[in-house]
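# Analysis of the macromolecular model
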Amino acid sequence: LIGGSDNKLIYRHYATLYFVFCVDSSESELGILDLIQVFVETLDKCFENVCELDLIFHVDKVHNILAEMVMGGMVLETNMNEIVTQIDAQNKLEKSEVRMESALVNEVLVFFDGLHLSCTFSFSFICFCIQAGLAGAPARAVSAVKNMNLPEIPRNINIGDISIKVPNLPSFK
């Protein structure tokens, strides 16, 4: 093992899943087995019968669950209901952020549709909005730009005092 003989592996097998923790030799094996049990039960509650695909395709959620339980090598929380409550709060926050971003992009697109502005300005403003923090909305913005049939992608965008250099992007066509 990495780190020498002062570490040990503690694992537990559930159906087709193996959970392996590498801990100091001073850690209680029963304590770590209990931590693994709470972790698996929490995963099971969050994913409704957790399986390999849940762990693969939702690795960020798995990390969030583990981060609610352990931080900096210290076990912070072993109450499954409290962990699930915190994870549900994170999920609600993420969903509200996505809804807000989507609503803002829709407003921008409706705004441009109503004004019938030039394609270059529309593209410029959409790029500016994406750079301003609309991380969840680029797919919507790109599809809007695709429908504008731009002859070429502008390289420098000037909006008032703001100047934006557009990186080399792949063609939208």
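Residues numbered from 1 in each chain as written. Predicted model: local features only at pLDDT ≥ 70, side-chain atom pairs only at ≥ 80, totals over all residues. Heavy atoms only, no water.

The name an unreviewed UniProt entry assigns to the chain is AP complex mu/sigma subunit domain-containing protein, from the organism Balaenoptera physalus. According to its UniProt record, the chain has this under Sequence similarities (unreviewed entry): "Belongs to the adaptor complexes small subunit family." (UniProt positions renumbered as here; feature names shortened; annotations may be inferred.)

## Structural notes on the nonpolar core
Phe-19, Ile-36, Phe-39, Leu-43 and Ile-65 are the most contacted members of the largest nonpolar core, which totals 22 residues. Mapped onto this core, the elements with two or more residues apiece are β1 (7-14), β2 (17-24), α1 (29-47), α3 (59-69) and α4 (80-115). It is α1 that provides the largest number of residues to this core, a total of nine residues. Not counting residues up to four positions away in its chain, the partners in contact with Phe-19 are Ile-10, Tyr-11, Arg-12, Tyr-14, Ile-36, Phe-39, Val-40, Leu-43 and Leu-55. (Core = buried A, V, L, I, M, F, W, Y, C linked by side-chain atoms within 4.5 Å. Buried < 20%, exposed > 50% of the residue type's maximum accessible area, 1.4 Å probe, protein only. Helix = DSSP H or I, 4+ residues; strand = E, 2+ residues; numbered from the N terminus. Contact = heavy atoms within 4.5 Å.)

## Details of the environment of Val-23
Checked against the element boundaries, Val-23 lands in strand β2. Note: C-alpha distance between Val-23 and Asn-7 (16 residues apart in sequence) is 5.5 Å. The residues contacting Val-23, other than those within four sequence positions of it, are Asp-6, Asn-7, Lys-8, Ile-10 and Ile-32.

## Points about α1
Along an α-helix, residues three or four apart share an orientation, since each turn contains 3.6 residues. With 19 residues, α1 should reach 27 Å at 1.5 Å per residue; the first-to-last C-alpha distance of 27 Å fits that figure. Residues of α1 that are buried include every one of Ile-32, Leu-35, Ile-36, Val-38, Phe-39, Val-40, Thr-42, Leu-43, Cys-46 and Phe-47, and no others. (Expected span 1.5 Å × (residues − 1).)

## A word on the packing of α1 against α3
It is at 11 Å that the axes of α1 and α3 come closest, and there the two elements cross at 135 degrees. Relative to α3, α1 is oriented oblique. When you trace α1 past α3, the crossing you get is right-handed. Where α1 approaches α3, its residues Leu-35, Val-38, Phe-39, Thr-42, Leu-43, Cys-46 and Phe-47 are matched on the opposing element by Lys-61, Val-62, Ile-65, Leu-66 and Met-69. When grouped by side-chain class, the residues that make up the contact of α1 with α3 number ten nonpolar, one polar and one charged. (Axes fitted to C-alpha atoms, helices over the stretch in contact; angles between N-to-C directions. Parallel < 35°, antiparallel > 145°, perpendicular 65-115°, else oblique. Left-handed = near helix turned anticlockwise from the far one by under 90°. Nonpolar A, V, L, I, M, F, W, Y, C, P; charged D, E, K, R; others polar.)

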